[in-house]
Amino acid sequence: MIFDTHVHYDDEAYDEDREVFLGEIVQKGVGRVINVGATIDSAKEAVALSQKYDFIYAAVGVHPSDTADLTEEDMQWLTQAAQMEKVVAIGEIGLDYHYDEPEKEVQKKWFVRQLRIAKETKLPVCIHSREAAQDTLTIMQQEHAEEIGGVIHCYSYGWEMAKIYLDMGFYLGIGGVVTFKNGRKLKEVVEKAPMEQLVLETDSPYLSPEPYRGQRNSSDRLLYVANQIAELKNMTTDEVIRITEENAKRLYRMKK
Ligand code: NI
């Protein structure tokens, strides 16, 4: 069954039809999804969704672009939440230099702090890194992230950087971008990476694959992503779905 390792179904894009929408994706062959937090509020909503729906699990963490007003109290809540049932990861956390704010030093501080919560609570991490390749790697090496483990979500760098993360034992999250015409760099990474370290992710509502590019995304559309990976890896789509599901369960330390 399809395992979507990264969704934001708490997003307002689903406010009008969430209940119906979530019912439908289960009908369409989606086995499990991880709803990932981006702010403290959305992390709370992720936990609530995981309590309401069997197939939804939660990750709690604060996205680098939302770190400006974080407090130590928020970190205490995160530490508590990490120990709740069905919370399987700390994320999404990392660095995003696409916009100028918050300042790099602020982003770095909270990235390190949240990596340490992951280490303390023994949960894997979901890493968001955009236009910040070197600083992300430096912090992860300094913090010995190889002892924490996790996934580089929406992997967007080249093969050389991918190789370093794969050697640290990290997984790469592959989504809609691999189906885009300008997705050649990611296709090369998928070709070269071991199948055992790839997981599927939509980042719903974002990054809908071709032929639905630009529309609100949905976990069942990972079929198109799996199709593309199958082509690159010379295997069947069913095999891609099965292997990435096993990988995701290993990554999030879930029972079968
Ligand atoms: Ni995300």
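Residues numbered from 1 in each chain as written. Predicted model: local features only at pLDDT ≥ 70, side-chain atom pairs only at ≥ 80, totals over all residues. Heavy atoms only, no water.

Draft legend 1. Inspection of the pairing of strand β1 (residues 2-7) at higher detail. Most of β1 sits out of view: six of its six residues are buried. For β1 and strand β2 (residues 30-36), the ladder comprises four bridges, and the chain directions are parallel. Directly across from Asp-4, in β2, lies its bridge partner Val-33. After leaving β1, the chain enters helix α1 (residues 18-27) and then returns to the sheet as β2, a path that is right-handed. (Buried < 20%, exposed > 50% of the residue type's maximum accessible area, 1.4 Å probe, protein only. Helix = DSSP H or I, 4+ residues; strand = E, 2+ residues; numbered from the N terminus. Pairing = 2+ DSSP bridges. Right-handed = clockwise from strand over helix to strand, strands pointing away.)

Draft legend 2. Just the pattern of salt bridges, in detail. Considering all chains together, one arrives at 13 salt bridges under this definition. For Glu-19, the salt bridge is made with Lys-52, and the minimal N-O distance between the two is 3.4 Å. One end of the pair, Glu-19, is in helix α1; the other, Lys-52, is in helix α2 (residues 40-52), with 33 residues separating them in the sequence. With a relative accessible area of 54%, Lys-52 lands in the exposed category. (Salt bridge = Lys/Arg side-chain N within 4 Å of Asp/Glu carboxyl O.)

Draft legend 3. Spotlight on the sheet that holds strand β8 (residues 198-200). Ordered in space as β1-β2-β3-β4-β5-β6-β7-β8, the eight strands form an open sheet in which the pairing is parallel. At either end of the open sheet lies a strand with only one pairing partner, and these are β1 and β8. For this sheet, the mean angle separating the axes of adjacent strands, direction not counted, is 30°. (Axes fitted to C-alpha atoms, helices over the stretch in contact; angles between N-to-C directions.)

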